[in-house]
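Structure at a glance
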Amino acid sequence: MTQTINKPVIITSLGFRKGCFAYPRRMEYGGKSYDFIDAGLSCVVRQGEKLIQVLTMTDGHQQFKLRSDNRGGSWTLLTMSA
């Protein structure tokens, strides 16, 4: 079951991929902390000067789809599924 969230989240730990793209390693949402087990799958979309990164992450139990609008500066939780 996939739940649409589309709300900002707090990323408390980041990792970096080749090309200096940030990815979340730990996220806080709804009073809970989620530790991601790998760098996930990502897609980078470039619109002029703007970069948008969409990632699919897992904590081993649930899957999360996140979007970064600012090279890892701000994150939005798009969906969460069990």
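Residues numbered from 1 in each chain as written. Predicted model: local features only at pLDDT ≥ 70, side-chain atom pairs only at ≥ 80, totals over all residues. Heavy atoms only, no water.

**Re the pairing of strand β7 (residues 75-81)**
Stated precisely, the cut-off is as follows: For every residue, the accessible area obtained with a 1.4 Å probe (protein chains only) is divided by the maximum for its type, and the residue is called buried under 20%, exposed over 50%, and partly exposed between those limits. Each helix is a run of H or I in the DSSP string that is no shorter than four residues. Each strand is a run of E no shorter than two, and both are numbered from the N terminus. In this description, strands pair whenever DSSP reports at least two bridges between them.
With respect to burial, β7 is a largely interior element, seven of its seven residues being buried. Here strand β1 (residues 2-16) pairs with β7 via six bridges, running antiparallel. The residue of β7 that forms the bridge with valine 9 is tryptophan 75. Sheet topology note: the strand β6 (residues 63-68)/β7 ladder contains six bridges and is antiparallel. Paired with serine 68 across the bridge in β7 is tryptophan 75.

**Considering the pairing of strand β4 (residues 41-47)**
Examined bridge by bridge, β4 and strand β5 (residues 50-58) share seven bridges and lie antiparallel to one another. When the sheet's bridge partners are listed, cysteine 43 is paired in β5 with valine 54. Counting the residues in the hairpin turn of β4 and β5 gives two residues, including glycine 48, whose phi is positive at 65 degrees.

**Comments concerning the pattern of salt bridges**
Heads up, the rule is: One speaks of a salt bridge when a side-chain nitrogen belonging to Lys or Arg is within 4 Å of a carboxyl oxygen belonging to Asp or Glu.
This structure, assessed with the given rule, holds two salt bridges. Ionic pairing is found between arginine 26 and aspartate 35, a salt bridge with its closest N-O pair at 2.9 Å. Taking relative accessible area as the criterion, arginine 26 reaches 32% and is therefore assigned partly exposed. Look at aspartate 35 and you get partly exposed, because its relative accessible area is 44%. Here arginine 67 ties to aspartate 69 by a salt bridge, and the two come within 3.1 Å at their closest N and O atoms. Assessed through its relative accessible area of 27%, aspartate 69 is described here as partly exposed.

Everything listed is a geometric property; what it means functionally is a separate question.
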